[in-house]
Amino acid sequence: MTVYLSSVSGFGTGRVGGTIRRMSTTLPSPPLLWDLFCQVIDNHGDLGVCWRLASQLAARGQQVRLWVDDASALAWMAPGAVEGRWPGIQVLPWTQPFHVGMPSDDLARLPRADVWIEAFGCEIAPEFIAAHGHFTLGSGQKESKNPVWINLEYLSAEPYVERCHGLPSPVMHGPGQGMTRHFFYPGFTPRTGGLLREPDLAVRQAAFDQDGWLAGLGVQAGSERLTSLFCYEPAALGPWLAHLAADSAPTRLLVTHGRAAEAVKSIFKHENGPFPSSMGQSSLSISYLPALTQLDFDPLLWACDLNFVRGEDSLVRALWAGRPFVWQIYPQDDGAHHAKLGAFLDWLDAPASLRQFHHAWNGLADPGGARWPGAPELEVWAACAQAARSRLFAQDDLVSQLLGFVGKNR
């Protein structure tokens, strides 16, 4: 099968342009049944990536069973998901042990999936593998294949990703012994698995009504600098807010619900709107946003002059937005995130001022170094983001690559 993909350049041009690129790959046909396994560690990031993957597979005609140990965040992330109102996706409970609430014979009678995806090394339950792994042919049955078993890894720009992407790993022990698991690495370069991207993303973005969307929040476009804030609790947050409050130019901060809102409220005990600070009349206004669905998160990024994102899924969305952004990487106790951040900034070809801000925001430099960039710097940041977006649009998205990978390994 041949797939034609468009390479899109520019941001907010109102059109989809560029050249048409031809990619030959082997796609699974007819549509397949996918078992996608997700364990929610914290902050809903794992579930966010898994739901985005499930919904994009379903949008391409695939059938997905999403097994998750805590689906509560889907109530605001994708309303109706748990109730089964998303065509092609069934959300099922992943209990410990796996068969709790489901008789073991019922588990065995479930339709056998063509693909298993264990997200971020969560490891499929042995009971499930025993019931749905090796296929034993009965009398008169045609040949059947074992599921294509994929370990979907975390996103990184580090060099090992290109080396390890697609490698097989024979299963040596347990009920899956004799089967093969493959490593699938998302990434930023053509030799990786790519990034999640909807086929209609560029069209939706070009048609975005910024003024109308902001008016729905009671915000007048162009009257203030607009900044979105999706963060953990960076040490630089207090100095950053104090800088914005004391600056001569007015800034509107659009704060996402959850940890970001709690972090801001712990510094400023105020509700929406302008507020006085210890430095006199403040130039900073704060709007605390309701919980946004995944579809509603993109317009927030498209509307702002500067975006603050965290973790994996929102970083990818910031890249697709093509707006200046600052990324707070998920901190690890052993400090491994420092090298991961450095590798990403290298791939991004980040200018010195953007690197310095990232270092301050991620606790690698003086937190007081977080300052709103001057107009020339912000233009350089914007050019950097748009160049990265163009490079990524020239590459195949993750779901297209995943479909091709499965098609070749069945």
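Up top is the structure these notes are about.
This is a predicted model, so every value here is computed, not measured.

Student: Just give me the short version of the pairing of strand β3 (residues 33-38), but keep the residues and values in it.
Tutor: Of all 6 residues in β3, 6 are buried, a share of seventy percent or more. Neither face of β3 is exposed, since Leu33, Asp35 and Phe37 on one face and Trp34, Leu36 and Cys38 on the opposite face are all buried. Relative to strand β4 (residues 63-68), β3 runs parallel, the two being bridged by 6 bridges. Each bridged residue has a counterpart across the sheet, and for Cys38 the counterpart in β4 is Val68. Across 4 bridges, β3 lies against strand β6 (residues 115-119) in parallel orientation. Directly across from Phe37, in β6, lies its bridge partner Glu118.

Student: Any chance you could break down the packing of helix α8 (residues 237-246) against helix α9 (residues 259-267) for me, citing the residues and the numbers?
Tutor: Between α8 and α9, the shortest axis-to-axis distance is 10 Å and the interhelical angle comes to 65 degrees. In terms of orientation, α8 lies roughly perpendicular with respect to α9. For α8 against α9, the interelement crossing comes out right-handed. Along its contact with α8, which presents Leu237, Gly238 and Leu241, the element α9 presents Ala263, Val264 and Ile267. The residue inventory of the contact of α8 with α9, partitioned by class, reads 5 nonpolar, 1 polar and no charged.

Cut-offs and rules
Residues numbered from 1 in each chain as written. Predicted model: local features only at pLDDT ≥ 70, side-chain atom pairs only at ≥ 80, totals over all residues. Heavy atoms only, no water. Buried < 20%, exposed > 50% of the residue type's maximum accessible area, 1.4 Å probe, protein only. Helix = DSSP H or I, 4+ residues; strand = E, 2+ residues; numbered from the N terminus. Pairing = 2+ DSSP bridges. Axes fitted to C-alpha atoms, helices over the stretch in contact; angles between N-to-C directions. Parallel < 35°, antiparallel > 145°, perpendicular 65-115°, else oblique. Left-handed = near helix turned anticlockwise from the far one by under 90°. Contact = heavy atoms within 4.5 Å. Nonpolar A, V, L, I, M, F, W, Y, C, P; charged D, E, K, R; others polar.

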